[in-house]
Amino acid sequence: MLSRTPEFDKALDKYFAKLELDEKGGQWRICRFSGEKFYVRPEDVEFYKRIRVPLPTLSPTERLRRRQAFSPGYNLFKLKSEMTGKSVITVYPPTTPFNIFEHQIWFSDKWDPFEYGFDYNAKSSFFEQWHKLQLAVPRPNLLTDTSNVNSDYTNNSTHLKNCYLTFDSLYGENLYYFECCVGNKDCVDCWSLDEADSCYMCSNCQKVWRCFFCEDSRDTLGSYFLFDCRGCQNCFMSSNLRHKKYYFYNQPLSKEEYEKRLKNINLGNFEVLQHYLKDFRELKKKAIYKENRNEKAINSVGDWIKNSKDCFNVLFTLDSEKVAYSIGFYKYRDSYDISGGTNAALCYEFMSISTENNYNIKFSTFVNESRNMEYCDYCWNCHDCFGCIGLKNKSFCIFNKQYSEEEYYELIDQIKMKMFADREYGEFFPPHFAPYPYNLSLNTSYPGYDDIEIALKYGYYTQDVPESIEDVAGFKVISVNDLPLDISDVDNSILEKVILDEANKKKFQITKYELDFYRQHKFPLPRVHPLIRMQQWRKKLDLRLRFYSRVCVKCGKNINSSHSPEKVENVYCEQCYQAEVV
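Residues numbered from 1 in each chain as written. Predicted model: local features only at pLDDT ≥ 70, side-chain atom pairs only at ≥ 80, totals over all residues. Heavy atoms only, no water.

(A) Summary view of the overall build of the protein chain. Helix and strand counts for the protein chain stand at 12 helices and 36 strands. A globule of 582 residues ought to have a C-alpha radius of gyration of about 25 Å, and the protein chain, at 26 Å, matches this closely. Once the C-alpha set of the protein chain is aligned to its principal axes, its extents read approximately 80 × 65 × 40 Å. Among the 582 residues that make up the protein chain, the fraction classed as buried is 55%. The long-range fraction of contacts in the protein chain, counting pairs at least 24 apart against all pairs at least 6 apart in sequence, stands at 40%. A total accessible area of about 26,000 Å² is found for the protein chain, and carbon and sulfur atoms account for 49% of it. (Helix = DSSP H or I, 4+ residues; strand = E, 2+ residues; numbered from the N terminus. Rg over C-alpha atoms; globule rule 2.2 N^0.38 Å. Buried < 20%, exposed > 50% of the residue type's maximum accessible area, 1.4 Å probe, protein only. Contact = heavy atoms within 4.5 Å. Areas by Shrake-Rupley, 256 points an atom, 1.4 Å probe, with all protein chains shown as cover.)

(B) Molecular detail of the pairing of strand 13 (residues 203-212). The sheet contact formed by strand 11 (residues 185-194) and strand 13 spans three bridges and is parallel. Directly across from Trp191, in strand 13, lies its bridge partner Ser203. Direction of pairing for strand 12 (residues 197-200) relative to strand 13: parallel, over a ladder of two bridges. Across the sheet, Asp197 pairs through a bridge with Trp209, a residue of strand 13. With five bridges joining them, strand 13 and strand 14 (residues 218-227) adopt parallel strand pairing. When the sheet's bridge partners are listed, Cys211 is paired in strand 14 with Ser223. (Pairing = 2+ DSSP bridges.)

(C) The arrangement of the nonpolar core in detail. By size, the foremost hydrophobic cluster in this structure holds 136 residues, and its most contacted members are Phe225, Phe236, Phe386 and Ile494. Take this core: its biggest share by element is seven residues, from helix 8 (residues 405-421). (Core = buried A, V, L, I, M, F, W, Y, C linked by side-chain atoms within 4.5 Å.)

(D) Quick look at unusual backbone geometry. Here the amide bond leading from Cys180 into Cys181 is cis, since omega sits at 20°, within 30 degrees of zero. Along the chain, Cys181 falls in strand 10 (residues 170-182). We note that Tyr378 has phi near 55°; this positive angle belongs to a residue other than glycine. Structurally, the position occupied by Tyr378 is in strand 27 (residues 377-380).

(E) How the structure looks around the pairing of strand 34 (residues 548-551). Direction of pairing for strand 34 relative to strand 35 (residues 558-561): antiparallel, over a ladder of four bridges. By the bridge assignment, Ser549 is partnered in strand 35 with Asn560. Counted between consecutive antiparallel strands, the loop separating strand 34 from strand 35 contains six residues, among which Gly556 sits at a positive phi close to 85°.

(F) Structural detail: the pattern of salt bridges. In total, this model carries 38 salt bridges according to the counting rule given. Note that Glu427 is salt-bridged to Arg32, the shortest N-O span being 3.1 Å. Taken together, the positions of Glu427 in the loop between helix 8 and helix 9 (452-457) and Arg32 in the loop between strand 1 (27-30) and strand 2 (37-40) put the pair 395 residues apart, joining distant regions of the chain. On the basis of relative accessible area, Arg32 is assigned to the partly exposed category, the value being 48%. (Salt bridge = Lys/Arg side-chain N within 4 Å of Asp/Glu carboxyl O.)

(G) Seen up close, the packing of aromatic side chains. Summed over all chains, the structure comprises 74 aromatic pairs. Note on Tyr176 and Tyr177: the rings are 6.0 Å apart at their centroids and 85° apart in plane angle, and the pair reads as edge-to-face. Here Tyr177 falls in the buried class, since its relative accessible area comes to 1%. Summarising the aromatic geometry, the rings of Tyr348 and Phe363 are spaced 5.5 Å apart at their centres and angled 75° between planes, so their arrangement reads as edge-to-face. Of this pair, Tyr348 sits in strand 24 (residues 348-351) while Phe363 sits in strand 25 (residues 356-368); the two residues are 15 residues apart in sequence, bridging distant segments of the chain. Above the plane of the ring of Phe98 lies Arg139, whose end atom (NZ or CZ) is 4.9 Å from the centre. (Phe/Tyr/Trp six-rings, centres within 6.5 Å; stacked < 30°, edge-to-face > 60°. Lys NZ or Arg CZ within 6 Å of the ring centre and 35° of its normal.)

(H) Structural view of the side chain of Arg538. Mapped onto the fold, Arg538 is located in helix 11 (residues 530-538). Residue class for Arg538 comes out buried when judged on its relative accessible area of 5%. Looking at Arg538, its side chain comes within polar contact range of the main-chain oxygen of Ser445, at 3.5 Å. (Polar contact = N/O pair within 3.5 Å; in protein donor to acceptor, adjacent residues only side chain to side chain.)

Listed below in structure tokens is the structure:
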């Protein structure tokens, strides 16, 4: 096949010919940020040859840090739209240098991204020119599209209805203080659910209904305080159950005895609930843990891998093949260094949360339903664009300027040659071009990358952003210590009050939907600010994939486990776990 970028391809072929590889065909390298050694496997080298990029200069750990700096954390602010002057909810802090539009307007034809385009200057750095465009082109206030209804306080989410403080979610309704993933309804204070309905304080569950305080469970209904249970119904405070009914503290009961015991438990009382939460923590300590959370992971290394094969160093992977150094994706193939997204192939160094249907996207952020894109940001339904921002339904564009197909590839050859010579090509955007201060990015939302002093050494930046002060005039402020202990003692006047969480120095209110939910399911009012509650879920997960040399406590076999010895005691190998948990 005739090359569209012949000079660049010659230079890259010469680069690969000179690579000094070991006897396996791989190469040890030194991360130019951290100084740590990392190994480029032989199959990695072949992948980079296939997609026509040089070998990475950063370790997988630092490549993930760099991508995540280009995604916002879970902070929302208020700004005025540069288009309408109206106040909007946004992921950008008041100090942002960008022009922010309402996302509904941003997706409309009321503005033209070509107005900000310019000619490529061969005498200047590509990245500096891209940054000029980045500062000029308006950005949507939220990472979403126009499909959400009555869900302004949300982000990285689409197809939502009546949701509040909901993130990283698709196709949801009546979700409050909720994070991830697809097809959920009527849930409060939950993290990482799929196809859940009427749940509270649940995490890592699939296809659950009326489940409360349940973790790592699926296909379950009408249950409380479950850990690692499947196909269960009407169970309470139990772990490692399969297809059981009427279990209470891991012991079987008759239907009548189970219902009698449950009737005598008042979880609507705050102090009573604390007692059972303590029991749940003890239950999880004594539960059996499989060496990893993988299912049907063929020839794969990572954690939370399901129905996938030939994947390496990946987290939260579903129905994917030949993907490496990536996190949180579904139906991806032949891709490296991906963060989020659905149904894509041949992508590399792509911050792709909430995107879908992409092909051959490299060094880009939030590109959707597109192909053959490099160094692009916020582009929808485009193909063959380079260094563009904010385009929709365009092709053969460079720095938001239109070219013919022939002109495009002729100029791309020149740009790539210059970038390659300047050691720019093959690198994701520099850290100091991140659109969010490091302390407000996705990195500091999870443990592992919240080492801000280290990040500053690598070129990231931080900002002191004052917390938004809501107008609470006319509202009575009460301490969490003065809240009624029992939900049955809470009247509607709580909706006109502001609650002070002294421990975290934050104020919050109870919404009408929340109050109705707590009353319906008989749970007490929360005592902690909702954003802190959501943060507590995330702090349990270190995004750096780590394995620990351990011994199966059942058979003594040596295993590599994703569970830290400091957090989990009873870790079984795959065979012993399957034999024990039935």
